Amino acid sequence: MSNHAVSLGWPAPAKLNLFLHVNGRRADGYHELQTLFQFVDFGDWLDVKVTDNAAIVLRSNVTIDVAPEDNLIVKAAKALQQASGCRQGAEIWLDKKLPMGGGLGGGSSDAATTLVALNALWQCGLSEDELAALGLKLGADVPVFIRGQAAFAEGVGEKLQPVEIDEHWYVVIAPDVHVATVDVFQHPALPRDTPKLQLCDLLSSEWKNDCQKLVTEQFAQVANALAWLIEYAPSRMTGTGACVFGQFETEQQARSCFAQMPSTFRGFVARGMNRSPLMSRLGEL
Ligand SMILES: C[C@@](CO)(OP(=O)(O)O)[C@H](O)COP(=O)(O)OP(=O)(O)OC[C@H]1O[C@@H](n2ccc(N)nc2=O)[C@H](O)[C@@H]1O
Ligand SMILES: Nc1ncnc2c1ncn2[C@@H]1O[C@H](COP(=O)(O)OP(=O)(O)O)[C@@H](O)[C@H]1O
């Protein structure tokens, strides 16, 4: 019986969709997208202890509104056990900082961090490509977190092209509403006809989110947060909402805006990162 140490401090950063275009709907109902992902230096944290029985045990500082076996962390760990034949298990402590279902990709990032951390700690030896393919089965956003590089995404979000873009400062506001991704994509009024463009043209044009109009019309809290933020900086929604972000050149400008935020809003200040902190953590092993 071996006694494994706890591996502390695995980051699961949030992402922002700096733009999100909906280009069409496929026959299977999924949507063709063009989107730009960048990480921020704010997110969840996982501590991981390897165990010698196959159980995956998750403990968290918050209650997550899904059955334990549906939690993306548990699903990720079990998918890796299956794919690699690994007989070890894990106890995972999740320090949840990110609002859930907010378009910040917290669940997807937790899943990616679980796959990357356990692949290393269990010594499964899966390649990055294999981990990304495993992650894609858990959610469209998981691969970008596994690869850990800011990226332009196409297809349903799985075709990734790494990018180097400006690392701005952001004020992120998390309106107190839950916007279901599936509801946004199923809504008849969602515009689905943005033309597909080349990345160089997209990078030089004005950035927008095609889901924003629909979501702000349906959720006054999202509209209010955006109306407040846009007075300070260029601002948009991330993913299918509900979170919105304003973009600032300096940390001081972002913090000054944040200091004036009404106490009814919740949010945080963060810096854009082209390289996920998960990669640096992996490099520390
Ligand atoms: C659109 C994005 C942009 O980042 O939104 P957010 O979830 O971050 O807000 C994501 O790609 C979402 O990824 P994720 O949240 O993992 O979505 P999934 O679980 O794979 O899909 C949830 C549901 O959304 C719809 N869906 C999702 C992705 C897509 N390209 N087209 C779709 O139509 C499908 O109905 C699907 O059943
Ligand atoms: N570990 C997890 N963290 C957050 N949400 C999870 C997790 N596991 C499963 N979920 C489910 O996934 C949904 C989407 O979560 P999240 O990735 O935070 O949102 P989004 O994709 O909008 O950014 C949540 O509402 C929750 O029901």
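The name given to the protein in an unreviewed UniProt entry is 4-diphosphocytidyl-2-C-methyl-D-erythritol kinase, and the organism recorded there is Shewanella electrica. As stated in UniProt under Pathway (unreviewed entry), the record for the protein gives "Isoprenoid biosynthesis; isopentenyl diphosphate biosynthesis via DXP pathway; isopentenyl diphosphate from 1-deoxy-D-xylulose 5-phosphate: step 3/6."

K.L.:
Describe the site of ligand 1, and please don't skip the residues or the numbers.
P.N.:
If you check the shell around ligand 1, you find 17 residues, and the closest are Lys15, His31, Ala140, Asp141 and Thr240. A distance of 3.2 Å is found between an oxygen atom of ligand 1 and a backbone nitrogen or oxygen belonging to Ala140. Look at ligand 1: alone it shows 690 Å² of surface, and the protein chains cover 81% of it. For the shell around ligand 1, the secondary structure elements donating two or more residues are β1 (6–25), β2 (31–51) and α5 (181–186). Shared between two domains, the shell around ligand 1 takes at least three residues from each, and those domains are domain 1 (6–163) and domain 2 (169–273).

K.L.:
Explain the nonpolar core to me, and be specific about the residues and the numbers.
P.N.:
By size, the foremost hydrophobic cluster in this structure holds 40 residues, and its most contacted members are Leu80, Leu115, Leu118, Trp122 and Ile146. Those residues in contact with Leu118 that lie beyond four places of it in its chain are Val48, Ala77, Leu80, Ala90, Ile92, Gln123 and Cys124.

K.L.:
Quick rundown of the layout of surface pockets? Include the residues and the values.
P.N.:
In this structure, the second largest pocket encloses a volume near 340 Å³. Pro99, Ala174, Pro175, Asp176 and Val177 are, among the 17 residues lining the second largest pocket, the residues nearest its centre. The class makeup of the residues in the lining of the second largest pocket is nine nonpolar, six polar and two charged. Both domains that furnish three or more residues to the lining of the second largest pocket are identified here as domain 1 (6–163) and domain 2 (169–273).

K.L.:
Give me the lowdown on the packing of aromatic side chains, citing residues and values where you can.
P.N.:
Evaluation of the coordinates by the stated rule reveals seven aromatic pairs. Look at Phe19 and Trp207: their rings are 5.7 Å apart centre to centre, the planes differ by 65°, and that puts the pair in the edge-to-face class. Linking Phe19 in strand β1 with Trp207 in the loop between α6 (199–204) and α7 (212–218), this pair joins segments that are 188 residues apart in sequence. Judged by its relative accessible area of 1%, Phe19 is buried. Under the relative-accessibility criterion, Trp207 is labelled partly exposed at 22%. Each ring, one from Trp228 and one from Tyr232, has its centre 4.6 Å from the other, and the planes form 40°; the classification is tilted. Judged by relative accessible area, Tyr232 falls into the partly exposed class, the value being 32%. Through pairs of rings, three or more aromatic residues link up here, namely Phe19, Phe152 and Trp207.

K.L.:
How would you summarise the pattern of salt bridges if you had to cite specific residues and measurements?
P.N.:
Here the structure, examined in full by the defined rule, presents 13 salt bridges. Between Glu91 and Arg59 there is a salt bridge, and its shortest N-O distance comes to 3.7 Å. Placement of Glu91 in strand β4 (residues 89–95) and of Arg59 in strand β3 (residues 56–60) is noted, with a sequence separation of 32 residues between them. Judged by its relative accessible area of 23%, Glu91 falls in the partly exposed class. When its relative accessible area of 40% is taken as the criterion, Arg59 is described as partly exposed. A salt bridge links Arg281 to Glu284; the shortest N-O distance between them is 3.8 Å. Its relative accessible area of 12% is what places Arg281 among the buried residues. Connected through salt bridges with shared partners, the residues Asp44, Lys96 and Asp110 form a single ionic network.

K.L.:
Before we move on, could you go through the pairing of strand β9 (residues 244–248) and cite the residues and values that matter?
P.N.:
Most of β9 is tucked away: five of the five residues are buried. Where strand β7 (residues 169–173) meets β9, five bridges bridge the pair, whose relative direction is antiparallel. When the bridges of β9 are listed, Ile173 appears paired with Val244. Strand direction decides the pairing type here: strand β8 (residues 235–237) and β9, joined by three bridges, are antiparallel. Paired with Arg236 across the two strands is Phe245, which belongs to β9. Linking β8 back to β9 in an antiparallel pair, the connection comprises six residues, with Gly239 at a positive phi of about 55°.

Quick notes on the rules
Residues numbered from 1 in each chain as written. Chains lettered and ligands numbered in written order. Predicted model: local features only at pLDDT ≥ 70, side-chain atom pairs only at ≥ 80, totals over all residues. Heavy atoms only, no water. UniProt positions renumbered as here; feature names shortened; annotations may be inferred. Near = heavy atom within 4 Å. Polar contact = N/O pair within 3.5 Å; in protein donor to acceptor, adjacent residues only side chain to side chain. Areas by Shrake-Rupley, 256 points an atom, 1.4 Å probe, with all protein chains shown as cover. Helix = DSSP H or I, 4+ residues; strand = E, 2+ residues; numbered from the N terminus. Domains from an automatic or database assignment. Core = buried A, V, L, I, M, F, W, Y, C linked by side-chain atoms within 4.5 Å. Buried < 20%, exposed > 50% of the residue type's maximum accessible area, 1.4 Å probe, protein only. Contact = heavy atoms within 4.5 Å. 1 Å grid on protein atoms, 1.4 Å probe; cavity = no way out; pocket = protein on both sides within 12 Å on 5 of 7 lines; lining within 4 Å. Points joined across faces, edges and corners; volume = space filled by probe spheres on them. Nonpolar A, V, L, I, M, F, W, Y, C, P; charged D, E, K, R; others polar. Phe/Tyr/Trp six-rings, centres within 6.5 Å; stacked < 30°, edge-to-face > 60°. Salt bridge = Lys/Arg side-chain N within 4 Å of Asp/Glu carboxyl O. Pairing = 2+ DSSP bridges.

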